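Coordinates in review
Each chain, written out:
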Amino acid sequence: MKLKHFVWMAFALIVISSCKYDDDELWNRVNDHEARITALETWQKQANETIAGLQELINTMDYITAVTTLTEEGDTIGYRIDFKQSESITLYNGADAGISLTQGEDGNWYWTQNGELLLDSEGNPIRANGEDGASAPTPILKLGKDLPDDAVLTGADEGKKPENSIVYLSVDNGKTWTRVTGPKGDTGATGPQGPTGPQGPQGPAGSNGGSAQGITVEVKATYAEFTLADGSKFRVPLYQAFKIGTDEGNDTYTINQNPSTLSFTFPEDMQNVTAIIAEVIGETGEGATDVVTRADGESDVKVEVINAEDGFANAQLQITYSDAVVSGTVYMIRATLVYADGSTLITARAFEFNQPMKVGDFLYSDGSYSTTLIEGKTPVGIIFYLGEERIGQAEKDALAAKGISKPTGLAMALSDATVPGNINYNTNDNTSNFGKEFKSDYALLWSVGSDPKVNEGKLNLVTPGEFKGETELADCFVEDFSVCMNDISGLANSQLIWSGKGAYGDVVNYPAFNAAKRYAEKNNSEIEDKTTGWFFPSVGQWIEILKNLGNVSFENNFTYNKYIEYFKMNTSPEESIYKSINQYLEKIPSAKELYIDQEKCKYHTSSEGDNYRGSQIKIDDSYRNGLSISFGDKDSYDLNGDEAYRVRCILAF
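Parameters at a glance
Residues numbered from 1 in each chain as written. Predicted model: local features only at pLDDT ≥ 70, side-chain atom pairs only at ≥ 80, totals over all residues. Heavy atoms only, no water. Helix = DSSP H or I, 4+ residues; strand = E, 2+ residues; numbered from the N terminus. Buried < 20%, exposed > 50% of the residue type's maximum accessible area, 1.4 Å probe, protein only. Contact = heavy atoms within 4.5 Å. Areas by Shrake-Rupley, 256 points an atom, 1.4 Å probe, with all protein chains shown as cover. Pairing = 2+ DSSP bridges. Axes fitted to C-alpha atoms, helices over the stretch in contact; angles between N-to-C directions. Core = buried A, V, L, I, M, F, W, Y, C linked by side-chain atoms within 4.5 Å. Phe/Tyr/Trp six-rings, centres within 6.5 Å; stacked < 30°, edge-to-face > 60°. Lys NZ or Arg CZ within 6 Å of the ring centre and 35° of its normal. Salt bridge = Lys/Arg side-chain N within 4 Å of Asp/Glu carboxyl O. pLDDT = per-residue confidence, 0-100. Parallel < 35°, antiparallel > 145°, perpendicular 65-115°, else oblique. Nonpolar A, V, L, I, M, F, W, Y, C, P; charged D, E, K, R; others polar. Polar contact = N/O pair within 3.5 Å; in protein donor to acceptor, adjacent residues only side chain to side chain.

Attention now goes to the overall build of the protein chain. The secondary structure content of the protein chain amounts to nine helices and 32 strands. Here the protein chain holds 653 residues, and 50% of them are scored as buried. Expressed as a percentage of contacts within the protein chain between residues at least 6 apart in sequence, the contacts between residues at least 24 apart total 62%. Accessible surface, the protein chain: about 30,500 Å² in total, of which carbon and sulfur atoms supply 45%.

This next bit is on the sheet that holds strand β13 (residues 233–237). Taking strand neighbours across the sheet as the criterion, the three strands line up as β11-β12-β13 in an open arrangement whose pairing is antiparallel. Each edge of the open sheet is held by one strand with a lone partner, namely β11 (216–219) and β13. Going across the sheet, the axis of each strand differs from the next one's by a mean of 25 degrees, ignoring polarity. Note: β11 against strand β12 (residues 223–227), four bridges, orientation antiparallel. What sits directly across from Glu-218, in β12, is Glu-225.

This part is about the sheet that holds strand β20 (residues 316–321). If you trace the four strands from one edge of the open sheet to the other, you get β14-β16-β20-β19, paired in antiparallel fashion. At either end of the open sheet lies a strand with only one pairing partner, and these are β14 (243–244) and β19 (301–306). Across four bridges, strand β16 (residues 260–265) lies against β20 in antiparallel orientation. Paired with Leu-262 across the bridge in β20 is Leu-317.

Before going further, it helps to spend a moment on the nonpolar core. Counting 41 residues, the largest nonpolar core has Ile-382, Phe-384, Ile-545, Leu-546, Leu-549 and Ile-581 as its most contacted members. Those residues in contact with Leu-549 that lie beyond four places of it in its chain are Val-359, Gly-360, Ile-382, Ile-383, Phe-384, Met-412, Glu-544, Ser-580, Ile-581 and Tyr-584. In this structure, Val-507, Tyr-510, Ile-527 and Trp-534 belong to the second largest nonpolar core, which totals 29 residues.

Within the structure shown, the criterion is met by 14 aromatic pairs. Measuring from centroid to centroid gives 5.4 Å for Trp-446 and Phe-513, while their planes differ by 75 degrees, and the two rings are edge-to-face. Linking Trp-446 in the loop between β26 (409–413) and α4 (452–455) with Phe-513 in helix α7 (residues 511–523), this pair joins segments that are 67 residues apart in sequence. Taking relative accessible area as the criterion, Trp-446 reaches 0% and is therefore assigned buried. With centroids separated by 5.8 Å and ring planes inclined at 80 degrees, the aromatic side chains of Tyr-519 and Trp-534 adopt a geometry described as edge-to-face. Of this pair, Tyr-519 sits in helix α7 while Trp-534 sits in the loop between α7 and α8 (539–548), and the two are 15 residues apart along the sequence. The pair formed by Tyr-519 and Trp-534 is uniform in burial state, with each residue classed as buried. Cluster of aromatic residues (ring-pair linked, three or more members): Trp-446, Tyr-510, Phe-513 and Phe-536. We note Lys-377 situated over the ring of Tyr-364; from NZ or CZ to the ring centre the distance is 5.6 Å.

Summarising the element assignment, Gly-115 is placed in the loop between β6 (109–113) and β7 (116–117). For the pair Gly-115 and Thr-102, spaced 13 residues apart in sequence, the C-alpha to C-alpha distance is 8.4 Å.

Going through the model one piece at a time under the given rule, you end up with 20 salt bridges. Lys-358 is paired through a salt bridge with Asp-323; the nearest N and O atoms lie 3.9 Å apart. Pair noted here: Lys-358 is in the loop between β22 (344–353) and β23 (362–364) and Asp-323 is in the loop between β20 and β21 (329–339), with a separation of 35 residues, a long-range link. Exposure remark for Asp-323: the relative accessible area of 37% places this residue in the partly exposed category. When the shortest N-O distance is used, the salt bridge between Glu-388 and Lys-406 registers 2.6 Å.

Time to look at helix α9 (residues 577–585). What sets the pattern is the α-helix's 3.6 residues per turn: residues three or four places apart point alike. With seven of nine residues buried, α9 is to be regarded as a mostly interior element. Taken as a whole, α9 has its buried residues at Ile-577, Tyr-578, Ser-580, Ile-581, Asn-582, Tyr-584 and Leu-585.

Considering the arrangement of structural elements, one finds Asn-524 in the loop between α7 and α8. With relative accessibility at 12%, the residue Asn-524 sits in the buried group. In this structure the C-alpha to C-alpha distance between Asn-524 and Trp-534, which are ten residues apart in sequence, comes to 6.6 Å.

Summarising burial for β12: five of the five residues are buried, a large majority. Neither face of β12 is open: one carries Tyr-223, Glu-225 and Thr-227, the other Ala-224 and Phe-226, and all of them are buried. Inspection of the sheet shows β12 paired to β13 by five bridges, in the antiparallel sense. Paired with Thr-227 across the strands is Lys-233, a residue of β13.

With 68% of its residues at a pLDDT of 70 or more, the protein chain shows a mean pLDDT of 75. At the level of individual helices and strands, the protein chain shows its lowest average pLDDT in strand β1 (residues 3–7), which scores 34, and its highest in strand β32 (residues 650–652), which scores 98. Of the regions scoring below 50 in pLDDT, residues 421–441 engages in 51 contacts with residues more than four places distant in sequence or in other chains. Segment residues 453–471: pLDDT under 50, and 45 contacts once partners within four positions in sequence are set aside and those in other chains are kept.

All right, on to helix α6 (residues 490–498) then. Of the residues making up α6, those classed as buried are Gly-490, Leu-491, Asn-493, Ser-494, Leu-496 and Ile-497. Looking one or two residues past α6, Gly-500 carries a phi angle of roughly 80 degrees, positive in sign.

With that settled, the discussion passes to the packing of helix α3 (residues 393–400) against α6. Between α3 and α6, whose axes approach to 6 Å, the crossing angle comes to 80 degrees. It follows from the interaxial angle that α3 and α6 lie roughly perpendicular. Every residue of α6 that contacts α3 at Ala-394, Glu-395 and Ala-398 is listed here: Gly-490, Leu-491, Ala-492 and Gln-495. Tallied by class, residues from the contact of α3 with α6 come to four nonpolar, two polar and one charged.

Our focus in this paragraph is the packing of α6 against α7. Orientation of α6 relative to α7, taken along the N-to-C sense of each, is 100 degrees, at an axis distance of 10 Å. Regarding the angle of α6 to α7, the classification is roughly perpendicular. Judged by residue contacts, Asn-493, Ser-494, Ile-497 and Trp-498 of α6 engage Phe-513, Ala-516, Lys-517 and Ala-520 from α7. The class makeup of the residues in the contact of α6 with α7 is five nonpolar, two polar and one charged.

Next up on the list: the side chain of Asp-82. Topologically, Asp-82 is positioned in strand β3 (residues 75–83). Relative accessible area serves as the criterion here: at 15%, Asp-82 is assigned to the buried category. A distance of 3.0 Å separates a polar atom in the side chain of Asp-82 from a polar atom in the side chain of Arg-80. Setting aside chain neighbours within four positions, we find Asp-82 in contact with Tyr-63, Ile-64, Thr-65, Ala-66 and Ser-88.

This is the structure we're talking about:
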């Protein structure tokens, strides 16, 4: 294979068989057999540590925190390298040059021995850096005494048993072993590189029994530079206190505001920094988009380095994101300091994005929310109010009973409540059609008392009872509009009528309430543990729908007509009120928009208008060009056509 360059690393290793090796000096110093074995064991341990350390350096994604020089009798014998997260390594120098590395044109590192590529059993070069996430094999040196008798030896030793004082090399995680040295420099086999050639004349021994002069390490501003015996160099970055944020640790950071601005934790010395680069990496960790001191591109998440005018010391990171980012999505953001000498210091952090909840967001059955519809989730409502002030006490109590101490807001149902086979209370003739099915499942009376015939005694109630007036219901039959504004507990109204405590007894005598009750019974199961469940909204709660979804301003511009008993407000919004509300509903295929008949939109509230009639909301963009809140408007009991009012439930969460 073609190689870009060879990097010879002088570590404590023995020369393979193709080179001459004279260890007379070693054996002259170590005559005793046990001392000789002990020395070889020490050498073997240091050699293996150095090989493993070399592999760690070329594979590490970690940062060096300290470099300690190891000395013996005043001489440098190696270095201890400490990392931020990984275990420390030790490199020993001053020994023979044997096993080393070379970098190929493909950018990968390969093991060599005496300058020749080490090959596996199939003749392929052996990589030192991992491939596809797998760990590359590390060459291992062992004395024969540490190998089992049935160890597989190669080359000239094939079929033989290991010799105790011979050093063997494995490049396949211990499957096979090749002799690398013998007493007095005898030549061993080359193993996977092929048979050994004839032995040449013995050469002189170098210093310390080898030819290597060792490695040196120089600590720079942002990296440690390793210089090898032949002058080759490589760098490993130093750890410095650089990160996004000023909090403890580097855990996933939650973004709840858009935009969000974070300060950096910078190294102490920023004088030589020439640029700060920020980039966003998607959920997959791929497809990074560089953003250099400015927002760039049309990605959903953007980063911008701001306040970087004064030597970067006060620089901050501003993060913005679009509505398309789903709450809970995690992105990686990486920042890089660029120094004058071209070196860089990089930090990265995971960020979890939460969209701030907004009026108009979709509320899902699992309690989550989003601005854009999320495929695979079940939307149940449209959020129309956020806060606590306009949430009634009954709603707060219901949430507290489920462990929700702080209410978040209110949401409107996606469709109207209906009562199949609705009862017809037709008042346009003198004959009651009481009990017969009406053609619309939507057109509803507030109560049977809404039909004058009930009070005239011409109709029999489903549950007979003497009318007493709904004294416990909020009463909006007053000339002070603030009373209507402050009626904010539709749940309290609903609970009263649902429990049969209304003047007309059984809830079936309150068709509008009964429709809300049926809607709740059908739809509560998917959201009941996270919300109050569905209920019939009051006048004040309908006002919040009109204010926040319909863009209606309620600033003292209502007038009260005591003759026809309704408050009326002329409005001139940019678009019709009900169209403003429906724009949210129309985004959901399963939702039903507010019902509009002849440009009129009419809905019941759970608030009482007078002794037997409810308060209604009427939006009329054609005739009145505005909004009216009426009390027992005749249309509420005249069910001819689709003139009657409807019910749209809400919930608190």
